Structure formats: C-alpha cells, structure tokens
Amino acid sequence: MQVVFLGVGEACDQDMGNTSLLVQVDNSRILLDCGFSVAHTLFSHIHSPNDLDAIWISHSHGDHFFSLPLILLRLWESGRDKALTIFGSSEIEEAAVQSIQLAYPGFWDKFTYPLRFQPLKPGKTFQFLGCSWQTAWTEHSRPNLGLRLDGPQANLYYSGDGRPGQDVLGLIQGCTLVVHEGFKMGQAVHGHGTVVEVMDLARRAGVERLAVVHMQRDERRLKGNQARALLEGMPDVHGFLPQPGERVFLP
C-alpha cells in the first residue's frame, strides 16, 4: 500500500491545499476526498484516464468534494472507458449529482463510462479492489464517515473531518497508518478534532503511524513546529505532520 498526500490543509489554507490522499493498493488507485484544490494536483499523478478506480467522499463540504465535477470531466475528455465507483454515505450521490449539474449543465448525459455510487454503512464491511472497507461516524457539522481500508498487507484509517465518534477507537485498533484531522493543538472546536486528542486516540488504539492533517492555517503557521515536535516525540507511535506531495509506503 502506498499513500500520497495530495493536500494536507483545511478549506481556506492558501499554502497547503485541501486534504486529500491518493492510495495505491497493488495496481488499484483510490482517491480519498477531492476538495476545491485537488483536481489539478491529482492530474499530475495519473497518466491514463483509466488509472483511477474509486473515489471516497467523507462528507458533503466543498473542501472535500468540489473537485469531483472537474475530475469526472477530465476523465471523460481523456477517453475513460472503465467504470468508476464513488463511495460515501447515503447522501453523497445526491450531492455529487447536484454539483456536476451545477458545474457543467448537461454533462451528466454525456458520460461515456459507467459511474456507480456505493453508500457504506457503519458496522458493515464492503469488499472492493482487494480491500475491506469499514466506516464509523465522526462528530462534525455534516454527516461525516471515517474510513478504514484493509489491504492484503497493510491498512489505513482516514478521518475526513470531525472529532472521533464513539466507534472510531474500535475501528482503528492496530492500524498501520491513521490520517486524522487535528484542527487545533488542544483547544476544542465544535465539530473538529485536536492534535492532542488524536495523539491520545492513536496511543490507545495501538496504531503504528499517525499523520495529522487539516490543521487550521494560522494554527499550523504559529504552532506547526510545536505540533511536529509533539508528534515526533510520541514513544510508541510514529507521528508526523505531512507535507503536500509526501509519499508513505506501508507496511
């Protein structure tokens, strides 16, 4: 399993770009979230319109899915002829279709490749692309699902946005890599996790690596070094504050 951090920032960060991951499992590629700034970064990482196999959308906030219409347009324009599956909660299909119709009216009727929506439910396991997909709700202002992907040799958890919900600790037990938002260092913000909180979560869950993303832009500028020192000083977990373009190989 290989993970590329296409972006690591929050909605308004002018330097880091919206948080998004490109995950490769064997020969399959899965995009985790695709906010405003993600499309053009993604295009530099895929060489064929058929390279992308699935898109995961954690929730329907613009900084997590507003690149979707452009990504689908680019794949169509480049001649994609392979089905594409979009995963998320039960609300994602309606939000995605609305965004496509608004961005490019009439485009929906021109697709030359099958577009499939697959809602996932917490407590259920879905098998796709050689991976097990499991989810849990987080505490956010919009319904947000955290996703665990179990591949043949490694696994990861991606939080999307939100404080860890009551089922997240169980879901991430023993994960190879947890990618979790930490909007602030230690100051609680409604609907968002903190760096200190997710560090404690990772320790209790016995995860191997913790990457903190989606840090508020001023917080990252003023306290990024402090956060990095705390993460790198974790005794039992390899913690880090990833940079855009950083690549991680698992296990």
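Residues numbered from 1 in each chain as written. Predicted model: local features only at pLDDT ≥ 70, side-chain atom pairs only at ≥ 80, totals over all residues. Heavy atoms only, no water.

### Focus on unusual backbone geometry
Across the junction of Leu-250 and Pro-251, the peptide omega takes the value 5°, indicating a cis bond. Take Pro-251: it is sitting in the segment after β15 (247-249). Residue Asp-33 is not a glycine yet carries a positive backbone phi of 70°. Within the secondary structure layout, Asp-33 lies in the loop between β3 (28-32) and α1 (38-43). (Helix = DSSP H or I, 4+ residues; strand = E, 2+ residues; numbered from the N terminus.)

### Thoughts on the pattern of salt bridges
Should the charged atoms of two oppositely charged side chains come close, the side chains can pair. On inspection of all chains with the given rule, the structure shows 11 salt bridges. In this structure, Arg-163 and Glu-197 form a salt bridge, with 2.5 Å as the shortest nitrogen-oxygen distance. Placement of the pair is Arg-163 in strand β11 (residues 163-164) and Glu-197 in helix α6 (residues 195-205), with a sequence separation of 34 residues. Taking the relative accessible area as the measure of exposure, Arg-163 reaches 30% and is therefore partly exposed. Under the relative-accessibility criterion, Glu-197 is labelled partly exposed at 21%. Counted as one network, the salt bridges with shared partners bring together Glu-139, Arg-163 and Glu-197. (Salt bridge = Lys/Arg side-chain N within 4 Å of Asp/Glu carboxyl O. Buried < 20%, exposed > 50% of the residue type's maximum accessible area, 1.4 Å probe, protein only.)

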